[in-house]
Amino acid sequence: MRKIKYICFLACSSLLIMLPTTTYAGMHISLDGKHSESNAGYQKIVSGAASAGLSFDMGGYTRLGYTHRQEVDSTTGYQVNSAGTGFVYFKKSSLVTSNSIDLTLILYAGDLFTPFVFGGVVSKQYATRIADSDGVESYSYPDMGPQGGAGLGIRLSQKFSLKVTYTMSKGVAAIPGQQAQETIDSYTQAGISYEL
């Protein structure tokens, strides 16, 4: 995992050093987040996600950016035991940490609305922990692949914008005892972007 982060950092740094200073006049900092809490019968589900990004203008209609994101889900409550004769208390938590490098193409740089599309590569680390009356089980695994999406920036002031994005990336679905299958992970988020 450290090696992947180091390679991403070197790639971003090298590109920025090779570009002339005039090509990335603007630097953008973005923060996004979400939190939810719900009760579903015998179970309580709490989830949240936060991300921070840094991007640089490469001319008028392209940006190169790096984003770090963490998503946490926790479910606690009661479920039917393995014998099917009663209920047992359990707690399940999962953490997905991702680091991505994307190239963004601005489709229209309007005074109020700025639609854009982006694509790049993302490195993910999945970690899950399940605790119940049978004991504790933990597992984690890394994954890396392409990601892309689209979004819309809405200017709030000269420096601040509201940013809404939809992101798709490669994911992995696994069933115990069977070979893992590739799938698509996706999320929609909204946040604030600040231009330096």
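Residues numbered from 1 in each chain as written. Predicted model: local features only at pLDDT ≥ 70, side-chain atom pairs only at ≥ 80, totals over all residues. Heavy atoms only, no water.

Q: Explain the overall build of the protein to me, using residue names and the numbers behind them.
A: Scanning the protein from terminus to terminus reveals 1 helix and 8 strands. In the protein, the succession of α and β elements from N to C terminus is α-β-β-β-β-β-β-β-β. Out of the 196 residues in the protein, the part that is buried amounts to 30%. Within the protein, counting contacts between residues at least 6 apart in sequence, those at least 24 apart form 53% of the total. If you sum the accessible surface of the protein, you get close to 12,000 Å²; carbon and sulfur atoms cover 61% of it. (Helix = DSSP H or I, 4+ residues; strand = E, 2+ residues; numbered from the N terminus. Buried < 20%, exposed > 50% of the residue type's maximum accessible area, 1.4 Å probe, protein only. Contact = heavy atoms within 4.5 Å. Areas by Shrake-Rupley, 256 points an atom, 1.4 Å probe, with all protein chains shown as cover.)

Q: Quick one: what's the story with the environment of serine 55, residue by residue and with numbers?
A: Residue position: serine 55 is located in strand β2 (residues 43-57). The buried category is assigned to serine 55, whose relative accessible area is 16%. In this structure the C-alpha to C-alpha distance between serine 55 and isoleucine 101, which are 46 residues apart in sequence, comes to 9.4 Å. Setting aside its immediate chain neighbours within four residues, serine 55 contacts Gly26, Met27, His28, Arg63, Leu64 and Gly65.

Q: Hey, could you go over the pattern of salt bridges for me, with residue numbers and the actual values?
A: Applying the stated criterion to the full structure yields 5 salt bridges. Arginine 69 serves as the salt-bridge partner of glutamate 71, at 3.0 Å between the closest nitrogen and oxygen. Judged by its relative accessible area of 22%, glutamate 71 is partly exposed. Aspartate 143 is the partner of lysine 170 in a salt bridge, and the nearest nitrogen-oxygen pair spans 2.6 Å. Pair noted here: lysine 170 is in strand β7 (residues 160-173) and aspartate 143 is in strand β6 (residues 135-155), with a separation of 27 residues, a long-range link. The residues lysine 170 and aspartate 143 share a single accessibility class, namely buried. (Salt bridge = Lys/Arg side-chain N within 4 Å of Asp/Glu carboxyl O.)

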